[in-house]
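Observations on the model geometry
Read off the chains here:
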Amino acid sequence: PEPSNQRRGMALKAARRLLHGLRIPKKIAVGMSGGVDSGVAAYILKQQGHRVVGVHMSNWDASDEWGYCTGEQDLQSARAVCKHLDVPLYEASFIGEYWTLVFQELLDGLERGVTPNPDVLCNRYIKFDKLLNYSRERLGAEFLAMGHYARIHTPPGGREGEIEGASELWMARDTDKDQSYFLSRVREETLKHVLLPLANLDKQQVREIARKAGLPNADRRSSVGICMVGRRKFDQFISGYLDERPGWFVDLDGHKIAPHKGIHLWTIGQRAKVSGKPEALYVVHRDVFTNQIFLCEGNSHESLYARKLVIGNCNWFSSANLSTMTSSSETVRVRARHQMPLAIAEVSSYTEGTFLVELSEDMYGPAEGQAVSFYDLKTDVCLGGGEIFGVLDREESYPAIAACKATRGRMDTPSGQVRCAEELDR
């Protein structure tokens, strides 16, 4: 990577050019969620003299729920903020698109025994695709602004397409609120049409601005998790969409411990409360074909930690990043969960379309399907993101888990399925 001070100098110059380019009033659509972050984003842009319009998107059919989805309260809050700021509010429905591109992907993943991140999928396919296109094509906005905590740096002229150059996604100044992890799979070509006014603010500053501006949602509680899940436990919510598929909890040698109601209710590193077992047991591995969930004793057990991950479905913000990863190895920093400390890793090409990530230290509970974001070693630049396809440490260290992989191969034929079923019954 380039020297840290050189990258920072380039970023500052790009930021100055962006501010200069935005001195001329622009028509900007702001995604109004009803929360304080989007409200302050709209307020900042209006104070700068831009023509601001609000757009509130609906992604979930509240009629499918029983009072858990806060969609109606969110809409009322967005209306109140826009009325206070004297900006029009448009409503856009992406219920069908969200179901197909996000929620169905979540259900399919859980049934396959992986752990998808619906927030990452929503950012890629809904907010920074469907909503962006709606704002530009239907509302005539030049930019879509959001209340996310992250930074976007675009080369001079890049926003108007005058010269070629990739936009860069950077971590927010407030590292505690940084959301670049959730944005790591957004397409690079969309970034030049996006503004993030909260990039250099922390949450306390946002609250203070909201109070001084008199925003009606200044003290509204921040939302956490998936909106339609609400106050329920996730297993209670998902059970309304996926049927139970009973199987067995087993130890690392494959011996049965107790029955379970379905692998879709569990993820790696999660504590499994098993009746009659006084010790704390944790999920190490799920196998969708044998329907077994492997458990270990205690959350410090070595089986819960890994150093070698296979990553696929990668999105790189620069073709140079992709070229480097595929032609040689690169030392980067990675994150596999939001707010997880960044870990140093060596990334190299593995099989076609996938990459091997070799971590310098153990990572707790990486799960297949989990989102991963990559960062420059010395700067705050997000290089891209992907998802975990495999955890090599577990297959190499535990024969019973490796045997599940062999079982998957044998189940490709009807006779193999019968033999595997007989083995499982024993």
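Residues numbered from 1 in each chain as written. Predicted model: local features only at pLDDT ≥ 70, side-chain atom pairs only at ≥ 80, totals over all residues. Heavy atoms only, no water.

1. Considerations on the pairing of strand S5 (residues 150–153)
The cut-off we apply is this: In this scheme, a residue with accessible area under 20% of its type's maximum is buried, one over 50% is exposed, and one in between is partly exposed, where area comes from a 1.4 Å probe on protein chains only. A run of H or I in DSSP counts as a helix once it spans at least four residues, and a run of E counts as a strand once it spans at least two, with each numbered from the N terminus. Pairing between two strands requires that DSSP report at least two bridges joining them.
Judged by which residues are buried, S5 turns out to be covered on both faces: Ala150 and Ile152 on one side and Arg151 and His153 on the other are all buried. Pairing of S5 with strand S6 (residues 168–171), which is carried by 4 bridges, proceeds in the antiparallel orientation. The residue bridging His153 from the neighbouring strand is Glu168, located in S6.

2. Topic: the sheet that holds strand S10 (residues 271–272)
The strand order S9-S8-S12-S11-S10 describes an open sheet built from 5 strands, whose pairing is mixed. The open sheet has two edge strands, strand S9 (256–260) and S10, and neither has a second partner. The sheet contact formed by strand S8 (residues 247–250) and S9 spans 4 bridges and is antiparallel. Residue Trp248 lies in a different strand from S9, and its bridge partner there is Pro259.

3. Details of helix H4 (residues 95–111)
Rules: Axes are fitted to the seven residues ending at a residue and to the seven starting at it; the angle between these axes is taken as the bend at that residue. Between two residues, a contact is recorded if the distance between any of their heavy atoms is within 4.5 Å.
The largest bend in H4 comes to about 35°, at Phe103. If you follow the buried residues of H4, they end up packed against helix H5 (118–138) and helix H9 (234–238).

4. Quick word on the packing of aromatic side chains
For clarity, the threshold we go by: Think of it this way: a Phe, Tyr or Trp ring, Trp meaning its six-membered ring, pairs with another when their centres are within 6.5 Å, and the plane angle makes it stacked under 30 degrees, edge-to-face over 60, tilted otherwise.
A complete count under the given rule lists 16 aromatic pairs for this structure. Measuring from ring centre to ring centre gives 6.0 Å for Trp60 and Trp99, while their planes differ by 25°; the resulting arrangement is stacked. Taken as a pair, Trp60 in the loop between strand S2 (51–58) and helix H3 (71–85) and Trp99 in helix H4 lie far apart in primary sequence, 39 residues in all. A residue is classified by how much of its surface remains accessible, and Trp60, at 9% relative accessible area, is buried. An angle of 55° between the planes, with centres 4.9 Å apart, marks the rings of Trp99 and Phe103 as tilted. One end of the pair, Trp99, and the other, Phe103, are both in helix H4, 4 residues apart, so they sit about a helical turn from each other. The exposure class of Trp99 is partly exposed, given its relative accessible area of 31%. Pairwise contacts between aromatic rings join Trp60, Tyr98, Trp99, Phe103, Phe237 and Tyr241 into one cluster.

5. Side note on the pattern of salt bridges
Stated precisely, the cut-off is as follows: Each salt bridge in this description consists of a side-chain nitrogen of Lys or Arg and a carboxyl oxygen of Asp or Glu lying within 4 Å of one another.
Scanning the entire structure with this criterion turns up 10 salt bridges. Here Glu142 and Lys26 are joined by a salt bridge, their closest N and O atoms 3.9 Å apart. Taken together, the residues Glu142 in the loop between H5 and strand S4 (143–145) and Lys26 in the loop between helix H1 (4–21) and strand S1 (27–31) connect sequence positions 116 residues apart. When its relative accessible area of 12% is taken as the criterion, Lys26 is described as buried. A salt bridge links Glu387 to Arg185; the nearest nitrogen and oxygen atoms lie 3.7 Å apart. Here Arg185 lies in the loop between helix H6 (180–183) and helix H7 (188–191) and Glu387 lies in strand S18 (residues 381–391), a separation of 202 residues in the sequence. Like Arg185, Glu387 is buried.

Shape is all these values report; function is a separate question.
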